[in-house]
Every structure is written in C-alpha cells, then in structure tokens.
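Notes for the structure review
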Amino acid sequence: MEKIFANLNESQLQAVKQIDGAMLILAGAGSGKTKTITSRVAYLIANGIPPSSILTLTFTNKAATEMRHRALSLIEQELNYMPLLCTFHKFGLLFLKFHIQKLNRSNSFVIIDSNDKKRILKSFESDVPISLTNNEISKYKNNLISPQEAIAKAQLKDYKKIANLYQKYEEYLTRNNLVDFDDLLVLPYKILDSDKNLCHQISEKYRYILVDEYQDTNDLQFKLLQKLTTAHNNICVVGDDDQSIYGWRGANIKNILEFEHEFPNTKVIKLELNYRSTNKILKAANDLISYNRNRLGKNLIGTIGEGKDITYIHSDNENIEAHTISKNIQELISKGVDPKDIAILYRINALSRSIEEGLNKASIPYKMVGGVKFYDRLEIKDIISYLRVIANAHDDFSLKRIINKPKRGLGKATLDKVTQLANEKSISIFELLTKHNESLDGLITKKAHQTINLFIEQILQLQESINESTYELIDNLEDMFKIKEYYSLLPDSLERVSNIDEFYGLFRDFVIQNPDLSLDDFLNEIALQSEQDQIDDQSISIMSIHASKGLEFEYLFVIGLEEGFFPLLGDGVNLEEERRLGYVAITRAKKELTLSSSSTRYYKGKRAELLKSRFLSESGVNKGSLKIDKSTSYKKGDLVKHKIFGIGRVLEISKVKREFKLKINFGGNTKDILASFVEKI
DNA sequence: TAGAAGCAGATTTTT
DNA sequence: TCTGCTTCTA
C-alpha cells in the first residue's frame with residue numbers, strides 16, 4: 001500500500017482512495033493524471049477488488065500500454081487475472097468476438113481502417129465528395145441512424161445520395177464481413193441495447209470502470225458507458241475540459257461538462273498542481289484559457305519555479321522564421337541540450353514544409369511525428385491486402401488492390417469487366433473467378449484469363465498452407481509473389497524493402513507469441529494499432545499540436561501564431577477549441593517556450609498577409625498583437641477597416657460560435673466578415 | 001496496359 | 001506550391 005501512496009499529493013490521494021461511486025477527476029496538464037489513474041487501479045486490487053472486474057478505457061494504444069506498465073509496477077501481489085486495460089475500440093473488438101453472432105454475423109470479421117473505408121466509398125462512384133460522404137456516414141452511424149432512416153430523412157439532393165451510399169456501404173460491409181472503426185462501438189452498443197440481460201451481465205462483470213481522456217469521448221462512447229454502468233455507479237473518469245481538441249471528430253465536450261449531472265453523487269476532484277512547466281509558462285496557459293467561457297474552470301499551479309520569460313519571435317516570412325528557429329535550436333544543441341528535448345509544433349501540417357527546409361539547411365536532424373503511418377504505407381498495405389485475401393477471399397476490396405501487384409498485366413479494362421460481371425451476379429470477385437471461371441471466356445483477353453487463373457491458383461495454395469502453418473505463410477507469400485523484389489525496383493526501394501522486412505518480422509513475432517490466434521486475429525490486431533511514436537533519440541521532433549497531446553518537451557517552439565492559421569478561422573471553426581489547442585500547445589513546454597509569428601506566409605500557392613494571432617495577446621506574450629477585447633461590441637452603422645476590402649460600414653451583426661459576424665458594406669459590396677478581421681475606426 | 005501530362009484541391013485525425 | 005488522382009497517348 002505504501003508503494004501506491006508514495007509521491008501522491010493530497011488531491012491525488014483522495015482520487016485514489018475513494019473506491020465506490022462516480023468520480024470526475026479534472027486533471028490539468030502535467031498534473032500527474034496517469035500516475036493517479038494507475039495508482040487507483042493498484043489500490044482497487046490491493047483492497048481486494050478482483051482484477052477481472054476492473055475495466056480501464058483509453059483512447060490510444062500508447063496510453064493503454066503505458067498505463068498497463070505503470071499499474072503493474074505498483075501491484076505487489078501475484079495476479080492470476082489481469083485487469084482489462086485497453087482502448088475503447090479494442091474493448092469493442094473483444095466484445096464483438098464473443099457477441100457479434102447476436103446480429104447474425106460471423107466472428108471472423110475483419111476490421112477496415114479509414115483509408116479502406118474511403119476506397120470502398122470511392123468505388124461506388126458518386127459525384128458527392130468522398131470526404132463529405134465519409135464524415136456523414138460516420139455521423140449517421142454514431143448517432144445510431146440506420147440507412148433506411150437516413151434515406152427517409154434526407155432532404156437535400158446530395159444528402160439523399162449520401163444516404164444511399166450509406167446503405168450501399170453498410171451492405172458492402174456485411175456482405176464482405178467487414179467492420180469499420182465506428183462499428184467497433186456502434187455494434188456493441190446495439191447488442192447491449194437490445195439484450196437487457198447481457199447488458200446487465202456485462203455491467204456486473206465490470207463493476208469498476210475507469211476512463212482516461214474523458215473530454216474526448218463522443219456521444220456513443222458516453223452511451224456505451226451508460227450501458228456498462230447499468231448495474232452500478234462505479235465510474236471514475238479522468239480528463240481535462242481545457243484539453244478537448246477533437247470536437248471536429250465528434251468528441252462532445254458536454255460529456256465532461258455535464259458528467260456530474262449524468263451520474264448521481266459524483267465526487268469531483270481537481271488536480272491543479274502542475275509538475276511539468278515553469279510558472280511563466282503556466283501563467284501564459286492560464287491567461288489564454290481564461291478567455292474561454294465553456295469550461296469547468298481550474299488553474300494550473302506551478303511547483304518548479306518561475307523560469308524564463310517566454311520568447312516571442314516575429315518574422316517577415318516563413319523562411320526567415322524557419323531560419324531563426326533553426327539557429328536557436330543549433331545554439332541550444334551546442335550548449336549541450338539533448339535534441340530529443342526540443343520540439344516544434346504547428347496548427348496545420350502545411351506549415352511543416354518551411355520548417356523542414358530550414359532544419360535541413362541548418363543540418364539539424366528531425367523526426368516528423370504523425371507523418372505517414374507504418375501501416376498506411378503503400379507496401380505494407382499491399383501485403384496486408386494479400387493477407388486479407390488469404391484470410392477472406394471474398395474481400396473484393398483487397399483483392400482488387402493486389403490483383404495487379406506486382407504488375408502481371410491485369411489493367412483497368414480487365415478489372416472493370418470482371419467487377420461488373422461479379423456485380424451482375426451479386427457474388428464476390430473471387431467467387432466469380434473460381435466458380436464461374438468459364439463466364440470470363442470472350443470477355444477478357446486469353447492472356448489476362450490465364451494470368452487470373454494462375455493468380456487464383458496461388459491464392460488458393462496459400463489458403464491451404466495456413467491450415468498447416470501460419471508461421472510459414474509469410475515466406476510462402478514472398479516466394480510466390482516476390483513483393484520485395486517488386487518494390488526493390490521502385491523509388492524509395494531501400495526504405496520500402498526494409499519496411500516490408502519489418503512487417504514480416506512483426507508477423508512472425510505475432511505468430512510465435514500467439515500460437516492460438518488466427519490470421520484474422522492478427523489482421524484485426526494491427527488494424528487497431530497506430531504507429532507507436534518511436535521518437536528518435538538523436539533528433540528534435542516536429543509535429544502538429546494534435547499529435548503533441550500527452551507529450552512534453554524541455555524546449556518548445558510553436559510557430560504560425562497568426563490569425564487565420566492559429567486560430568484557424570473559417571467555416572465551422574470553433575474558436576474555443578482553437579484556444580484549447582493553444583493551451584495544449586503551451587502546456588507541452590517544460591522549461592522554455594518560444595512563440596513565433598510571421599507577417600506573410602505562402603499558402604495554397606499564394607502569399608498571404610497575416611495579422612498576429614489574438615492568442616499572443618491573450619496569453620500575455622505580445623501585448624501589441626491583435627487584441628480582441630472581450631467587451632468589443634459593434635453597432636449598426638459603425639465604420640470598420642479591413643486589410644483588403646478597405647473601409648466599410650456595419651449593416652448587421654450576428655453571432656457564430658462566440659464570434660461576431662458582421663455584414664459590412666464596402667462601397668456597395670456587401671460582405672460577411674468575422675469581427676476579428678476588421679478594426680473599428 | 002503502362003508511363004506522362006493535366007488538373008483539382010489542399011485543417012486537425014487517438015481508432 | 002505541392003500532391004495525388006484522372007485522362008491521354010504510345
């Protein structure tokens with residue numbers, strides 16, 4: 001027990017020691033959130049709660065892994081049962097493995113990732129943009145709206161189309177026994193919702209539920225938690241409303257703001273002591289976030305001293321900015337600072353280019369976090385597609401991806417004909433090629449037909465081979481299709497081939513470590529795995545602010561503090577969420593923070609003139625920057641000045657998400673403009 | 001069928 | 001400006 005309590009402050013101790021009931025732990029940045037949650041798990045077990053009745057849910061595998069390690073290091077007794085500590089999605093996967101048959105589906109399903117989803121949608125050939133369709137389908141699913149309901153509800157033409165695509169997509173998934181990320185939460189919810197007994201049983205099983213990063217839960221995750229707590233009220237959530245930055249993805253900040261109302265007798269504990277940053281950095285963060293209204297309210301209190309002033313750099317353009325920052329970083333490194341303690345953050349990935357150039361010129365090695373993910377790489381996706389086809393030959397989608405890779409002379413023309421015929425017969429392509437092989441006669445060239453037959457033969461052979469040994473599958477696959485050889489002749493061959501080797505190694509490891517699991521299991525496992533951020537020990541890191549969440553750096557640079565870039569302005573932008581992003585960015589810094597802005601920036605082929613970000617003044621870093629007075633109000637008839645349109649008169653004032661939108665008449669031209677873009681004169 | 005040229009579109013993205 | 005995808009041509 002002493003080991004568990006060691007190094008916990010009073011509020012942390014309180015959060016750890018209360019076993020029963022609902023609890024909301026508001027954990028500010030750097031306040032020892034992980035320590036608290038893992039100590040709590042250890043404490044529950046030390047108090048005789050069976051590990052099997054504790055469920056801890058996180059958002060990332062990384063968080064889950066780290067917590068598992070830390071919790072286990074605190075648990076002193078021998079465990080014959082590990083407490084389940086995993087991501088929401090993994091939990092959904094485990095649940096579906098046992099219960100998906102309640103929906104009349106087989107548990108040999110395969111998980112598809114968001115790229116696969118887009119490709120499937122694309123194959124439906126619609127004139128509605130894929131990204132919109134993709135998002136809307138996700139929304140439908142998360143709001144538990146069925147395709148039929150969506151079709152019935154749709155008013156606009158495009159939405160009718162989207163609703164139809166949604167239906168097609170869902171049919172495609174069930175037909176191919178595929179499951180997307182949304183399904184991993186939606187389907188378990190549906191099952192629990194329709195089967196009260198099972199719901200009660202599961203809730204009884206997990207009598208103690210902990211949720212990490214609660215501010216990022218969406219409506220469905222909330223509903224799922226309600227189901228899991230039908231038999232009790234033992235739910236402990238940890239989060240920080242000020243760090244809610246995934247609203248655009250469906251995370252609902254209301255979940256944390258209204259937690260106390262949803263779960264009876266909630267005990268609220270605030271962790272405000274910060275063990276990460278200097279007081280100066282914390283003050284900037286506190287000042288900035290104080291401009292938000294939609295928050296529970298808390299302050300970060302420093303524990304490690306004043307520290308240095310925040311540095312502010314303003315440059316004429318992004319190249320000078322990159323140069324200056326590179327120089328500063330060189331200086332830090334020459335003073336003996338470890339490069340891995342340095343990071344550069346930006347709001348949008350497009351800003352990385354100039355910085356990368358600057359770093360390259362200065363010969364500073366860097367690691368870009370959150371670039372192309374390992375499993376998203378072309379060569380890896382190809383091999384995964386091979387494995388998928390071997391696991392489930394009716395996966396048309398994967399089959400199409402590999403049927404001409406390596407090139408075997410099966411082009412678009414052939415493939416289109418085959419696809420069309422399969423569609424006509426309402427069977428999978430594989431089925432067409434095996435059972436109705438003769439129907440291809442005359443349809444495609446003789447050569448193509450022969451090639452297809454050989455290909456099918458090879459796939460069938462590999463399918464046979466896994467019954468004997470999964471371990472050798474990879475070697476057989478490589479022997480048969482020479483994928484490495486194919487990639488060794490293409491650009492970036494060195495990297496690609498080494499990626500392939502790494503993947504092969506991963507596969508073999510998995511088979512050795514999980515001899516009972518099937519190829520399906522392997523595929524599902526990797527679908528849920530994002531890249532483990534292996535931050536290179538040798539180099540500094542550059543990444544988006546989103547990607548920096550949960551990380552910390554001694555020396556931190558945040559670039560692009562300009563109106564329009566950060567905060568990003570435009571359609572559907574939520575200024576408070578932008579501000580929370582600013583808060584997340586600032587609170588990543590431990591020792592020294594540098595904020596940087598530029599007067600102009602090349603973006604989408606144009607050089608844009610920019611104003612300094614309001615966040616600079618709100619955080620007290622640059623008083624002279626654009627200051628948006630909380631009390632500034634416009635009246636009809638006020639004269640205002642716009643950088644481009646010049647002087648105009650306000651005709652109308654409306655409010656969009658806490659921002660004022662003005663209708664302004666510029667010499668006869670009427671325009672809608674956000675108040676932050678004009679100056680009152 | 002495979003490369004070359006032409007063209008739209010370009011926030012953030014834990015799973 | 002740069003990327004990734006479609007269309008064009010040998």
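Residues numbered from 1 in each chain as written. Chains lettered and ligands numbered in written order. Predicted model: local features only at pLDDT ≥ 70, side-chain atom pairs only at ≥ 80, totals over all residues.

1. Notes on the overall build of chain A
Put simply, the rule is: Starting at the N terminus, helices and strands are each numbered in turn, a helix being any DSSP run of H or I of at least four residues and a strand any DSSP run of E of at least two. Atoms counted for the radius of gyration: C-alpha only. Globule rule: 2.2 Å times the number of residues to the power 0.38. Three exposure classes are used. Buried residues have 20 or more other C-beta atoms within 10 Å of their own C-beta, exposed residues have 12 or fewer, and partly exposed residues fall in between, all C-beta atoms being placed from the backbone. Working definition of a contact: two residues with C-beta atoms, positioned from the backbone, lying within 7 Å.
Summing up its helical and strand segments, chain A has 29 helices and 23 strands in all. Against the 2.2 N^0.38 benchmark of 26 Å for 681 residues, chain A shows a C-alpha radius of gyration of 28 Å, consistent with a compact globule. Considering chain A as a whole, with its 681 residues, one finds that 39% of them fall into the buried category. In chain A, the share of contacts with a sequence separation of at least 24, taken over all contacts with a separation of at least 6, comes to 74%.

2. Here's the deal with the sheet that holds strand β2 (residues 54-58)
Our working definition: Two strands pair under a simple rule: DSSP has to find at least two bridges between them. All axes here are fitted lines through C-alpha atoms, helices being fitted over the stretch that makes contact, and every angle between N-to-C directions spans 0 to 180 degrees.
Here six strands make up an open sheet; going across it, the order is β3-β2-β6-β7-β1-β8 and the pairing parallel. Unpaired on one side and paired on the other, β3 (84-87) and β8 (267-271) mark the two borders of the sheet. Adjacent strand axes in the sheet meet at a mean angle of 15°, parallel and antiparallel pairs treated alike. Relative to strand β7 (residues 235-239), strand β6 (residues 208-211) runs parallel, the two being bridged by three bridges. If you follow leucine 210 over to β7, its bridge partner there is cysteine 236. Sitting on the sheet, helix α2 (residues 10-17) is in contact with β1 (23-27) and β8, with an inclination near 145° to β8.

3. A word on the packing of helix α18 (residues 378-391) against helix α25 (residues 493-513)
Quick reminder of the rule: Any angle that falls under 35 degrees is termed roughly parallel, while one over 145 is termed roughly antiparallel, one within 65 to 115 roughly perpendicular, and all others oblique. Left-handed is the label given to a crossing in which the near helix is rotated counterclockwise from the far helix by less than a right angle, and right-handed is the label when the rotation is clockwise. All residues other than Ala, Val, Leu, Ile, Met, Phe, Trp, Tyr, Cys, Pro, Asp, Glu, Lys and Arg, Gly among them, are scored as polar; the first ten of these are nonpolar and the last four charged.
Where α18 contacts α25, the axes come no closer than 9 Å and their chain directions differ by 40°. Relative to α25, the element α18 is oriented oblique. Classified by chirality, the crossing of α25 by α18 is right-handed. Residue-level inspection shows Glu379, Ile380 and Ile383 of α18 in contact with α25, the latter providing Arg496, Asn499, Ile500 and Phe503. Broken down by class, the residue content of the contact of α18 with α25 amounts to four nonpolar, one polar and two charged.

4. With respect to the confidence of the model for chain A
Condition: pLDDT is a per-residue confidence score from the predictor, ranging from 0 to 100.
The predicted model of chain A averages 88 in pLDDT, with 94% of residues at 70 or higher. Across residues 627-632, where pLDDT falls below 50, the model places four contacts with residues more than four positions away in sequence or in other chains.

5. Brief notes about the pairing of β3
Where we set the bar: Convention used here: a crossover is right-handed provided that the path from the first strand, over the helix, to the second strand proceeds clockwise when the strands point away from the viewer.
Strand direction decides the pairing type here: β2 and β3, joined by four bridges, are parallel. Each bridged residue has a counterpart across the sheet, and for leucine 55 the counterpart in β3 is leucine 84. Chirality of the crossover, the property in question, places the unit of β2, helix α4 (residues 61-74) and β3 among those that are right-handed.

6. Describing the sheet that holds strand β16 (residues 589-598)
Strands sit in the order β11-β16-β15-β12-β14-β13 across an open sheet of six strands; the sheet is parallel. Where the open sheet ends on each side, the last strands, each with one partner, are β11 (311-315) and β13 (366-368). Pairs of neighbouring strands in the sheet enclose a mean axial angle of 20°, with direction left out of account.

7. A few points about the pairing of strand β12 (residues 342-346)
The buried count for β12 comes to five of five residues, which makes it a mostly enclosed element. Bridge count for β12 against strand β15 (residues 553-558) is four bridges, and the pairing is parallel. Paired with isoleucine 342 across the strands is tyrosine 555, a residue of β15. Sheet analysis places β12 next to strand β14 (residues 540-544), joined by four bridges and oriented parallel. For leucine 345, the partnering residue across the bridge sits in β14 and is methionine 543.

8. A few points about helix α17 (residues 352-361)
What counts, and what does not: The directions considered for the arc run from the helix axis to the C-beta atoms.
Inspection of α17 places Ser352, Ser354, Ile355, Gly358 and Leu359 among the buried residues, and these make up the whole buried set. One side of α17 carries all its buried residues, which in axial view fall inside an arc of 165°. Those residues of α17 that are exposed and angled more than 90 degrees off the buried face are Arg353 and Lys361. In this structure, the buried residues of α17 make contact with α16 (318-334), β12, β13 and β14. Positive phi shows up at serine 363, right after α17, with a value of about 55°.

9. A look at the packing of helix α5 (residues 88-99) against helix α10 (residues 183-194)
Between α5 and α10, the shortest axis-to-axis distance is 8 Å and the interhelical angle comes to 50°. Classified by the interaxial angle, the pair formed by α5 and α10 is oblique. As α5 packs across α10, the resulting crossing turns out to be left-handed. Of the residues in α10, those touching α5 at Phe88, His89, Gly92, Leu93, Phe95, Leu96 and His99 are Leu184, Leu185, Leu187, Pro188 and Ile191. Looking at the contact of α5 with α10 residue by residue, the classes come out as nine nonpolar, three polar and no charged.

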